[in-house]
Amino acid sequence: DIQMTQSPSTLSASVGDRLTITCRASQSISSWLAWYQQKPGKAPKLLIYKASSLESGVPSRFSGSGSGTEFTLTISSLQPDDFATYYCQQYNSYSRTFGQGTKVEIK
Amino acid sequence: EVQLLESGGGLVQPGGSLRLSCAASGFTFSTYAMSWVRQAPGKGLEWVSVVSAGGVGTYYADSVKGRFTISRDNSKNTLYLQMSSLRAEDTAVYYCARDIYDTSGYFANWGQGTLVTVSS
């Protein structure tokens, strides 16, 4: 299986900050990468697919980039609603795998 | 609006069985592959299984292969997960999710989840 590694695991930030979360794949996955946001007790919500395509209804402060084995999720100006855990997920094959998650906390 | 509603979770003893259901609405169910994804308490997300739109193709994570069976009834817009030989490590919230790109895609929509607890 393809292993996905996110960094950092935890990130403390303030409202208005610019944030970048990194996701690395153990082998090339082209652009077959999605990002999700999850809040406590809730289901994950799709933010980005195909590495950089913004899901309908997701605020434009979220953006994704990368290809091959290295990817980033950027939040341009952190809002109170953005404090959550973020997961990357590869879909290079039927055996989908997720990163371990990055928790964004209030500084 | 896409809606996915899981049911069937609960407390089961190790070695026992349980069947989860996921009722779908708001989209043409029979044209999408569907997956189960689970999350152990305080842990990350783990893909469990996927079934193709027509129900013929099925795939499983190694951790559940031979113990879990995924199926669907397109006439009832319902997805199932039959779980047997359950272990403590199967304890998790189980989500059903709508697959994009057949059986190898990302998850556009998720249900609210149903908790399965395996304990004596």
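Computed from a predicted structure; not experimentally measured.

### Description of the overall build of chain A
Okay, step 1: Helix and strand content of chain A: zero helices and 11 strands.
Okay, step 2: For chain A, the succession of helices and strands along the chain, N to C, is β-β-β-β-β-β-β-β-β-β-β.
Okay, step 3: Since a compact globule built from 107 residues should have a radius of gyration of about 13 Å, the 13 Å found for chain A is in line with a globular shape.
Okay, step 4: The C-alpha extent of chain A, read off along each of the three principal axes, is 35 × 25 × 25 Å.
Okay, step 5: The long-range fraction of contacts in chain A, counting pairs at least 24 apart against all pairs at least 6 apart in sequence, stands at 57%.
Okay, step 6: On chain A, the mean spot of the 10 positive side-chain charges and the mean spot of the 7 negative ones are 2 Å from each other.

### Topic: the pattern of salt bridges
Okay, step 1: Applying the stated criterion across every chain, the model contains nine salt bridges over all chains.
Okay, step 2: Of the charged contacts in the structure, one is a salt bridge between A:Glu105 and A:Lys103, with a shortest N-O distance of 3.8 Å.
Okay, step 3: Several salt bridges share partner residues, and in doing so they unite B:Arg38, B:Glu46, B:Arg67 and B:Asp90 into one network.

### Quick word on the interface of chain A and chain B
Okay, step 1: Each partner contributes to the interface: chain A provides 18 residues, whereas chain B provides 22 residues.
Okay, step 2: In total, about 1700 Å² of surface goes out of reach between chain A and chain B, with carbon and sulfur atoms giving 61% of it.
Okay, step 3: Taken as a group, A:Tyr94, A:Arg96 and A:Phe98 account for 40% of the area that chain A buries against chain B, more than any other trio of residues on that side.
Okay, step 4: For B:Asp99, the salt bridge identified is with A:Arg96, shortest N-O distance 2.6 Å.
Okay, step 5: Linking chain A with chain B are 11 residue pairs in polar contact (both at pLDDT 80 or more), by the criterion used here.
Okay, step 6: Elements with a contribution of two residues or more to the side of chain A that touches chain B: β4 (33-38), β5 (45-49) and β9 (85-90) of chain A.
Okay, step 7: The element best represented in the side of chain A that touches chain B is β4(A), accounting for three residues.
Okay, step 8: Among the residues forming the side of chain A that touches chain B, the class breakdown is 11 nonpolar, four polar and three charged.

What counts as what
Residues numbered from 1 in each chain as written. Chains lettered and ligands numbered in written order. Predicted model: local features only at pLDDT ≥ 70, side-chain atom pairs only at ≥ 80, totals over all residues. Heavy atoms only, no water. Helix = DSSP H or I, 4+ residues; strand = E, 2+ residues; numbered from the N terminus. Rg over C-alpha atoms; globule rule 2.2 N^0.38 Å. Contact = heavy atoms within 4.5 Å. Lys, Arg positive; Asp, Glu negative; His and termini not counted. Charge placed at Lys NZ, Arg CZ, Asp CG, Glu CD. Salt bridge = Lys/Arg side-chain N within 4 Å of Asp/Glu carboxyl O. Buried area = accessible area lost by both parts, 1.4 Å probe. Polar contact = N/O pair within 3.5 Å; in protein donor to acceptor, adjacent residues only side chain to side chain. Nonpolar A, V, L, I, M, F, W, Y, C, P; charged D, E, K, R; others polar.

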